[in-house]
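Notes for the structure review
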Amino acid sequence: VQLQASGGGLVQAGGSPRLPCAASGSIRGINNMGWYRQAPGKQREWVAAITSGGRTNYADSVKGRFTIPGDNAKKTVYLQMNSLQPEDTAVYYCNADITNWGRNTYWGQGTQVTVSS
């Protein structure tokens, strides 16, 4: 199983980039997918998640600004980021709780988002 995240880069404050994360490989079912981020000098923190049924949850720091739409057919989840602030600068990682021969958690490689003021 591989998770491929993309869409990062340098963004101006107030921008609205979208990060896709696509799952591929031997997948019987995706239970939930989510996004984490790690800012320089800080621990990785949870950002948002979506269940297979479409239920979403968000960290307080991004609630109202970020959304996490998913496309089950494409096995892809997105992180739609709006009203970006410099403190959103981080490496963004997607992860997925996937059932194949068992139930396992997988991580993408991370994509850097840098917000300039």
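Residues numbered from 1 in each chain as written. Predicted model: local features only at pLDDT ≥ 70, side-chain atom pairs only at ≥ 80, totals over all residues. Heavy atoms only, no water.

**Digging into the pattern of salt bridges**
Under the definition given, this model contains 5 salt bridges. Asp88 is paired through a salt bridge with Arg37; the nearest N and O atoms lie 2.9 Å apart. Taken together, the residues Asp88 in the loop between strand S9 (76–81) and strand S10 (90–99) and Arg37 in strand S4 (residues 29–38) connect sequence positions 51 residues apart. Each of the two residues, Asp88 as well as Arg37, counts as buried. When the shortest N-O distance is used, the salt bridge between Asp97 and Arg103 registers 2.8 Å. (Salt bridge = Lys/Arg side-chain N within 4 Å of Asp/Glu carboxyl O. Helix = DSSP H or I, 4+ residues; strand = E, 2+ residues; numbered from the N terminus. Buried < 20%, exposed > 50% of the residue type's maximum accessible area, 1.4 Å probe, protein only.)

**With respect to the nonpolar core**
Counting residues in each nonpolar core, the largest one holds 29 residues, and the members touching the most others are Cys21, Met33, Trp35, Phe66, Leu79, Met81 and Tyr92. Put simply, the parts of the chain that give this core at least two residues each are strand S1 (2–5), strand S3 (18–24), S4, strand S5 (45–51), S9, S10 and strand S12 (111–116). With 5 residues, S10 is the largest single contributor of residues to this core. For Met81, the residues in contact, after removing those within four places along its chain, are Gly15, Ser16, Pro17, Leu19, Arg65, Phe66, Tyr92 and Val113. (Core = buried A, V, L, I, M, F, W, Y, C linked by side-chain atoms within 4.5 Å. Contact = heavy atoms within 4.5 Å.)

**Details of the pairing of S9**
Within S9, 5 of the 6 residues are buried, which leaves it mostly tucked inside the rest of the structure. Two strands pair when backbone bridges link them, and S3 and S9 are joined in this way by 5 bridges, in the antiparallel orientation. If you follow Arg18 over to S9, its bridge partner there is Gln80. Sheet analysis places strand S7 (residues 66–67) next to S9, joined by 2 bridges and oriented antiparallel. Of the residues in S9, the one forming a bridge with Phe66 is Met81. Sheet topology note: the strand S8 (residues 70–71)/S9 ladder contains 2 bridges and is antiparallel. Bridged to Asp71 within S9 is Thr76. The loop that links S8 with its antiparallel partner S9 comprises 4 residues; one of these, Lys75, has a positive phi angle of about 50 degrees. (Pairing = 2+ DSSP bridges.)

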